[in-house]
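# Working through the structure, step by step
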Amino acid sequence: MSTLPLRDPTLLETRALINGEWVGSAGTYVVSNPATGQVIAQVAAMDIDHAKGAIDAAHAAQPNWAAMTGKERAAILRRLHDLMVANADDLAMILTAEMGKPLAEAKGEVLYGAAYVEWFAEEAKRIYGDVIPGHARNSRIMVLKQPVGVVGAITPWNFPNAMLARKLAPALAAGCTMVARPSEQTPLSALAIGVLACRAGVPAGVLNILPNRRASEFGQLLCSHPKVAKITFTGSTRVGAILMEQGARTIKKFSLELGGNAPFLVFDDADPEAAAEGALLAKFRNNGQTCVCANRFYVQSGIHDAFVAALARHMSNLKVGDGLREGVTTGPLINQAAVEKVETHVSDALAKGARLTIGGARHPLGGTFYEPTLMTGVTQDMQVARDETFGPLAAVIRFDTEQEAIAMANDTEFGLAGYFYASDLSRVWRVAEALEVGIVGVNTGLVSTEVAPFGGVKQSGMGREGSRYGIDDYLEIKNVVIGLAAR
Ligand code: SIN
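Summary of the structure given here. Sequence order as written defines the numbering, with residues in each chain counted from 1. Since the coordinates come from a predicted model, pLDDT governs what is reported: local features require at least 70, and pairs of side-chain atoms require 80 or more to be given and counted, while whole-chain, interface and lining totals use all residues. To obtain the side-chain values, all non-hydrogen atoms of the structure were used and water was disregarded.

## What about the pairing of strand S16 (residues 393–399)?
Of all the seven residues making up S16, six are buried; the element is thus mostly covered by neighbouring parts of the structure. Bridge count for strand S13 (residues 294–300) against S16 is four bridges, and the pairing is parallel. Within S16, the position partnered with Phe297 by the bridge is Val396. One ladder, built from three bridges, connects strand S15 (residues 373–376) with S16; its direction is parallel. Bridge pairing in S16 links Met375 to Ala395. Relative accessibility decides the category of a residue: with a 1.4 Å probe and only protein chains considered, values under 20% of the type maximum give buried, values over 50% give exposed, and everything between is partly exposed. Only DSSP runs of H or I with at least four residues qualify as helices, and only runs of E with at least two residues qualify as strands; both kinds are numbered from the N terminus onward. Two strands are counted as paired when DSSP detects at least two bridges linking them.

Laid out in structure tokens, this is it:
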């Protein structure tokens, strides 16, 4: 077992948070560092009865939490934000150890997660209703916004801190309570948030976090339990569809942030150097393991060679290695299945005529390390163009006309993020409007911020996280029609 050099070792919690108590279980499972294979912790493996208890606790706690003023809930969330920032180095260390992303990037994620908590602490005070002129002389109509109730949160391994933070923050701000199931690969970041939430004064039962290895059973329970009003999930489209089916009988509400297949278009009127810098960020952030990572690069013929050369140059500066080591920019992939997926996309593309510019193999470090890879001569029929790689493979498809590029970019069932580089103002508007996605990056490779709505169209999901829109997903609208006595 490796010991993490934490300033506050109590942040490395391995038990579940249920009804304000830290609860162990008979069984445990191992969480290990994907860069080294070293065991980080033995984590409690909670079972379905624990989950039922957590749902009951969340349900019992919800009315009192909702009865608090927005300002009171805001003060608690604000304290949680401050604690996350004050403990960012430790949270980042835990995150890197269980997930693999470089320490600086992990700290960036922790601050990104904390920013959602801060944002929604502020929004808790601004859950405004409405007054509508009555439909008759003796009537008035009011619109109240009220919390949906208990929320089941299912969060992924690629952002173990920020994805939980950006779900719990709007939920708690709105007056909902939560039962969270973090990814079994990365439960420690979520549990550390739980430790800080308790210190911040989140009351018992309001936030419950259960590590476990029973993804499908927990999903089924959360989706079918009558006391759970809503599911918020980040993960694959395949699992999102299963959860929706399971939630149909009890008419669950859903916020789903699902798979992407982001196009990244570079037009002849773009600056190739700026486009390559944006491409590096959009593709290699988290080693290609984000839902908004660029997956397909469509590059116009006139700028193709200059862009590819600039991107190859930037990529050659990436330093692959253990994220806890100084100077490393690119960590391991999460597991062997992830490596195999990149390998499949590379070999399929090569077999169909694509060419390697750099990379194209497992990294000499072994394990789940893969070389940052750049391919040209890619076409729409290759697997990499149809299916999100979720790894460090940049695939370049050459195009001639704007219409052709937009048609190829939209030729997918996914619609989370899209990016393009161009300077002509009319083109900027045309393309931004034409891309069938929920998030567009124009002349930038980074679109993620708590102040803007994050979410997809088509099979990339529903609902929005972050921004002033994000709290709506956790609120019901109630129409109150008031009859006035005749004078
Ligand atoms: C994700 O990959 O699901 C989230 C990425 C982000 O927030 O930028």
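Read on for the rest.
## What about the pairing of strand S6 (residues 139–147)?
Consecutive side chains of a regular strand alternate in pointing toward one face of the sheet and then the other. Strand direction decides the pairing type here: strand S5 (residues 130–133) and S6, joined by four bridges, are antiparallel. Residue Pro133 lies in a different strand from S6, and its bridge partner there is Arg140. What sits between the antiparallel neighbours S5 and S6 is a turn of five residues. One ladder, built from nine bridges, connects S6 with strand S22 (residues 475–483); its direction is antiparallel. Residue pairing across strands places Lys145 opposite Ile477, the latter belonging to S22.

## As for the site of the ligand
Whether a residue is near a molecule or strand is decided by its heavy atoms; if any one of them lies within 4 Å of it, the residue is near. Close to the ligand lie 13 residues, the nearest being Tyr112, Arg166, Arg285, Cys291 and Ser448. The separation between an oxygen atom of the ligand and a polar side-chain atom of Asn158 is 3.2 Å. For the area figures, the Shrake-Rupley method with a 1.4 Å probe applies, and any residue is considered shielded solely by the protein chains shown. Relative to its free-state accessible area of 260 Å², the ligand is covered by the protein chains to the extent of 100%. Split into classes, the residues belonging to the shell around the ligand amount to six nonpolar, four polar and three charged. Start and end points for every domain follow an automatic or database-based domain assignment. When residues of the shell around the ligand are assigned to domains, at least three map to each of domain 1 (9–258 + 461–478) and domain 2 (262–449). What qualifies as a polar contact is a pair of N or O atoms within 3.5 Å, subject to a donor-acceptor requirement within protein and to the restriction that residues adjacent in sequence count only when both atoms come from side chains. We call Asp, Glu, Lys and Arg charged. Ala, Val, Leu, Ile, Met, Phe, Trp, Tyr, Cys and Pro are nonpolar, and the rest, Gly among them, are polar.

## With respect to the nonpolar core
Side-chain atoms within 4.5 Å link the members of a nonpolar core, which is a set of buried Ala, Val, Leu, Ile, Met, Phe, Trp, Tyr and Cys residues. Counting 132 residues, the largest nonpolar core has Met178 and Phe307 as its most contacted members. When residues in this core are grouped by element, the largest group, ten residues, is from helix H5 (residues 162–174). Residue contributions to this core reach at least three from each of two domains, namely domain 1 (9–258 + 461–478) and domain 2 (262–449). Met178 has contacts with Ala58, Val151, Ala153, Leu164, Lys167, Leu168, Ala171, Leu172, Val206, Leu207, Asn208 and Thr232, leaving out every residue within four places of it along the chain. Working rule for contacts: check all heavy atoms of both residues, and any pair within 4.5 Å makes them a contact.

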